[in-house]
Amino acid sequence: MKPIVKIEGKKGSIVLVGQFDFNVHKDFRAASQELLESSAITSIEVDFEQVPYLDSSALGMLLLLKERAGAAGKDLALVNCRDTVRQVLEIACFTKLFTIR
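Here's what I pulled together on the structure shown here. All values derive from a computational prediction rather than experimental measurement.

Definitions and cut-offs
- Residues numbered from 1 in each chain as written.
- Predicted model: local features only at pLDDT ≥ 70, side-chain atom pairs only at ≥ 80, totals over all residues.
- Heavy atoms only, no water.
- Patch = residues over 30% accessible without salt bridge, like charges linked within 9 Å, V, L, I, M, F, W, Y side chains within 5 Å.
- Areas by Shrake-Rupley, 256 points an atom, 1.4 Å probe, with all protein chains shown as cover.
- Salt bridge = Lys/Arg side-chain N within 4 Å of Asp/Glu carboxyl O.
- Helix = DSSP H or I, 4+ residues; strand = E, 2+ residues; numbered from the N terminus.
- Pairing = 2+ DSSP bridges.
- Contact = heavy atoms within 4.5 Å.
- Axes fitted to C-alpha atoms, helices over the stretch in contact; angles between N-to-C directions.
- Phe/Tyr/Trp six-rings, centres within 6.5 Å; stacked < 30°, edge-to-face > 60°.
- Buried < 20%, exposed > 50% of the residue type's maximum accessible area, 1.4 Å probe, protein only.

**What to know about a nonpolar patch on the surface**
Moving on, step 1. A surface patch of nonpolar side chains, amounting to about 210 Å² of accessible area, comprises Met1, Ile4 and Val17.
Moving on, step 2. With respect to the helices and strands, the residue Ile4 is situated in strand β1 (residues 4–8).

Structure (structure tokens):
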């Protein structure tokens, strides 16, 4: 799976397709870096619509992105989470750390 970067106005999206796990680490970092470095982007969304599964390394990648987005002054939201993904996020208490839509 290679994350897809979409830019619409001031919003940048990272669209994930397939399992979100350690194998995606480098591609996810490159995609997020592209949005973090763009001064035109004020908010970032990570789109989980096509993600059936994520593991603990994915949670770590999300935490790192949250930290880097905050340092860059950009809003971050997790969107279109399937029930299985939402359950993992809830168990990890990510609902308290992230905006989830």
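**Observations concerning the sheet that holds strand β2 (residues 11–17)**
Moving on, step 1. Sheet architecture is open: 5 strands sit in the order β1-β2-β3-β4-β5, paired in mixed fashion. Both outer strands of the open sheet, β1 and β5 (99–100), are each paired with one neighbouring strand and no more.
Moving on, step 2. Sheet analysis places β1 next to β2, joined by 5 bridges and oriented antiparallel. Within the sheet, the bridge partner assigned to Ile7 lies in β2 and is Gly12.
Moving on, step 3. Where helix α1 (residues 25–37) meets the sheet, its contacts fall on β1, β2 and β3 (43–50), and the angle it forms with β2 comes to roughly 170 degrees.

**A look at the packing of aromatic side chains**
Moving on, step 1. Inspection of every chain in the model, using the stated rule, returns 3 aromatic pairs.
Moving on, step 2. Between Phe20 and Phe28, the aromatic rings sit 5.1 Å apart at their centres with planes inclined by 50 degrees, giving tilted as the arrangement. Of the two residues, Phe20 and Phe28, neither departs from the other in class, the shared state being buried.
Moving on, step 3. By the ring-pair criterion, three or more aromatic residues cluster together here, those being Phe20, Phe28 and Phe48.

**Here's the deal with the pattern of salt bridges**
Moving on, step 1. This model, assessed by the stated rule, comprises 3 salt bridges.
Moving on, step 2. Residues Glu45 and Lys11 are paired through a salt bridge, measuring 3.7 Å at the closest nitrogen-oxygen approach. Of this pair, Glu45 sits in strand β3 while Lys11 sits in strand β2, placing them 34 residues apart in sequence.
Moving on, step 3. Using a relative accessible area of 14% as the deciding quantity, one classes Glu45 as buried.
Moving on, step 4. Exposure remark for Lys11: the relative accessible area of 26% places this residue in the partly exposed category.

Nothing here speaks to function; it is geometry throughout.
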